[in-house]
Amino acid sequence: MDFTDLHLATTDSTNRVARQLGQGGAAQGSAVVADSQTSGRGRLGRAWFSPAGTNLYCSYIARPDIELEDYPKLTMVAGVAVAQCLKNFGGIDIGLKWPNDLFIGSRKCGGILSEFSTDQNDKPFAVIGIGINCNLTESEIPDDLSAIATSLLIESGSAVDIMQLFNDVRISLLYLINEFESSGFSEILERWHRFDIYRGKKMSWARPDGTEVQGVNLGPDRDGALMVKDTDGTIHHVVSGEVTFTGLLDR
Ligand code: BTN
């Protein structure tokens, strides 16, 4: 396939570079991978810890033949793609936390940040940014993350070939995007549910207006919005805002 791949020693954020690549018309599957990031970005404007040479930081371009309103589901499609890939890659059991977190046990080993844009021909495309802690050791994890972060090396005891993982994730992602286009979201959502580690747990949702809803996590609905049943029995469908779950580790 005629992918455009950029492998950079360092950059601010692979998502930013991939957006530029996509705006220039790069094909689906094209990607940016960096050995380190100086301004790696996470969800809700958070920084993504991106030291040199130990982890995977990459962003893939997707141009799926789907309705524009379905683009946000690509984050969950990518979650399943990465979880399946890591199972095949090293027998690693990944858990997913809505909408974009990759867990091993009770600690986070990666995350997904999807962003959407249009190119010079006004065609929409997605940038699917994926960070996976690969060969990070316990002593390299900053103190403020040590209780909540982990890596594939820490959990499996084996070092990871980062570029091999980059290529395998792409294959898995493109395969699942293809399935999403041809068969829709419901089967992929079923698989997402099987990886969900917080279903049935207590949670709170900080609404964008500043109020908070306490309840139980019922998992994502068929559109990918998170359902929370509050103490009155009302079911809310969460598409944005901060969600905090209890039951594994409080975070
Ligand atoms: C999250 O869990 O909040 C999402 C983290 C996404 C991090 C990746 S690293 C590669 C890509 N470039 C970025 O700046 N962010 C994503």
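Just so it is clear, the model here is predicted, and its values are computed rather than measured. (Residues numbered from 1 in each chain as written. Predicted model: local features only at pLDDT ≥ 70, side-chain atom pairs only at ≥ 80, totals over all residues. Heavy atoms only, no water.)

Student: Run through the environment of glycine 233, naming residues and quoting values.
Tutor: Tracing the backbone shows glycine 233 in the loop between strand S10 (226-230) and strand S11 (235-238). Relative accessible area serves as the criterion here: at 38%, glycine 233 is assigned to the partly exposed category. (Helix = DSSP H or I, 4+ residues; strand = E, 2+ residues; numbered from the N terminus. Buried < 20%, exposed > 50% of the residue type's maximum accessible area, 1.4 Å probe, protein only.)

Student: For the layout of surface pockets, give the residues involved together with the corresponding values.
Tutor: Approximately 810 Å³ is the volume found for the largest pocket. As for the largest pocket, its lining consists of 38 residues, of which Arg46, Ala47, Trp48, Asp101 and Lys108 are closest to the centre. Elements with a contribution of two residues or more to the lining of the largest pocket: helix H1 (14-23), strand S3 (56-62), strand S5 (101-104), strand S6 (107-118), strand S7 (124-132) and strand S12 (242-245). No other element matches S6, which puts six residues into the lining of the largest pocket. Grouping the constituent residues of the lining of the largest pocket by class yields 16 nonpolar, 13 polar and nine charged. Of the pockets and cavities examined, the second largest pocket occupies roughly 510 Å³. Together, 22 residues line the second largest pocket, and Arg43, Pro72, Thr75, Pro99 and Val239 are the ones closest to its centre. (1 Å grid on protein atoms, 1.4 Å probe; cavity = no way out; pocket = protein on both sides within 12 Å on 5 of 7 lines; lining within 4 Å. Points joined across faces, edges and corners; volume = space filled by probe spheres on them. Nonpolar A, V, L, I, M, F, W, Y, C, P; charged D, E, K, R; others polar.)

Student: Account for H1, naming residues and giving values.
Tutor: Taken residue by residue, H1 has Thr14, Asn15, Val17, Ala18, Leu21 and Gly22 as its buried positions. One face of H1 carries all of its buried residues, which in axial projection span an arc of 160°. Its buried side turned inward, H1 meets strand S1 (5-11), strand S2 (31-37), S3, S6 and S7. Capping of H1 at its N-terminal end is provided by serine 13; its side-chain oxygen lies 3.2 Å from the backbone amide nitrogen of asparagine 15. The first or second residue beyond H1 is glycine 25, which carries a positive phi of 100°. (Arc of directions from axis to C-beta. Contact = heavy atoms within 4.5 Å. Polar contact = N/O pair within 3.5 Å; in protein donor to acceptor, adjacent residues only side chain to side chain.)

Student: Describe in detail the nonpolar core, supporting the description with residues and values.
Tutor: Leu56, Ile94, Ile128, Ile130, Ile132, Leu152 and Leu165 are the most contacted members of the largest nonpolar core, which has 56 residues in total. Considering each element in turn, this core owes the most residues, ten residues, to helix H2 (residues 74-90). Once you skip the residues sitting within four places of it in the chain, leucine 165 turns out to touch Leu56, Cys85, Leu86, Phe89, Ile132, Cys134, Leu152 and Val160. Of all hydrophobic cores here, the second largest spans eight residues; its members include Ala18, Val32, Ile61 and Val127. (Core = buried A, V, L, I, M, F, W, Y, C linked by side-chain atoms within 4.5 Å.)

Student: Could you give an account of the sheet that holds S7, with specific residues and numbers?
Tutor: In space, the seven strands of this open sheet follow the order S1-S2-S3-S7-S6-S5-S4, with mixed pairing throughout. A strand with exactly one partner marks an edge of an open sheet, and here the two such strands are S1 and strand S4 (95-97). Adjacent strand axes in the sheet meet at a mean angle of 20° when their direction is disregarded. Taken together, the four bridges between S5 and S6 define a ladder with antiparallel strand orientation. Opposite aspartate 101, over in S6, you have glycine 111 as the bridge partner. (Pairing = 2+ DSSP bridges. Axes fitted to C-alpha atoms, helices over the stretch in contact; angles between N-to-C directions.)

Student: Could you give an account of the packing of H2 against helix H4 (residues 162-183), naming the residues involved and the relevant values?
Tutor: The description of two packed helices rests on the angle between their axes and on the distance between the axes. Running from amino to carboxyl end, H2 crosses H4 at an angle of 130°, the nearest separation of the two axes being 8 Å. With respect to each other, H2 and H4 are oriented oblique. Between H2 and H4 the crossing geometry is right-handed. Across the interface between the two elements, Leu74, Val77, Ala78, Val80, Ala81, Val82, Gln84, Cys85, Leu86 and Phe89 of H2 pack against Gln164, Leu165, Asp168, Val169, Ser172, Leu173, Leu176, Ile177 and Phe180 of H4. Tallied by class, the residues present in the contact of H2 with H4 amount to 15 nonpolar, three polar and one charged. (Parallel < 35°, antiparallel > 145°, perpendicular 65-115°, else oblique. Left-handed = near helix turned anticlockwise from the far one by under 90°.)

Student: Summarise the pattern of salt bridges; cite the residues concerned and give the values.
Tutor: Under the criterion given, the structure shown has 13 salt bridges. A salt bridge links glutamate 115 to arginine 41; the shortest N-O distance between them is 2.7 Å. One end of the pair, glutamate 115, is in strand S6; the other, arginine 41, is in the loop between S2 and S3, and 74 residues separate them in sequence. Notably, a salt bridge pairs arginine 63 with aspartate 119, separated by 3.0 Å at the nearest N-O pair. (Salt bridge = Lys/Arg side-chain N within 4 Å of Asp/Glu carboxyl O.)

Student: Residue-level account of the site of the ligand, with values.
Tutor: In the region of the ligand, 21 residues are neighbours, and Ser13, Gln37, Arg41, Arg43 and Lys108 sit closest. In this structure, a nitrogen atom belonging to the ligand sits 3.1 Å away from a side-chain N or O atom of threonine 14. Note that a nitrogen atom of the ligand is positioned 2.7 Å from one of the backbone N or O atoms of arginine 41. Calculation on the ligand without its partners gives an accessible area of 410 Å², and the protein chains cover 98% of this total. At the level of elements, H1, S3, S6 and S7 are the ones that each hand at least two residues to the shell around the ligand. Tallying contributions element by element places S6 first for the shell around the ligand, with four residues. (Near = heavy atom within 4 Å. Areas by Shrake-Rupley, 256 points an atom, 1.4 Å probe, with all protein chains shown as cover.)

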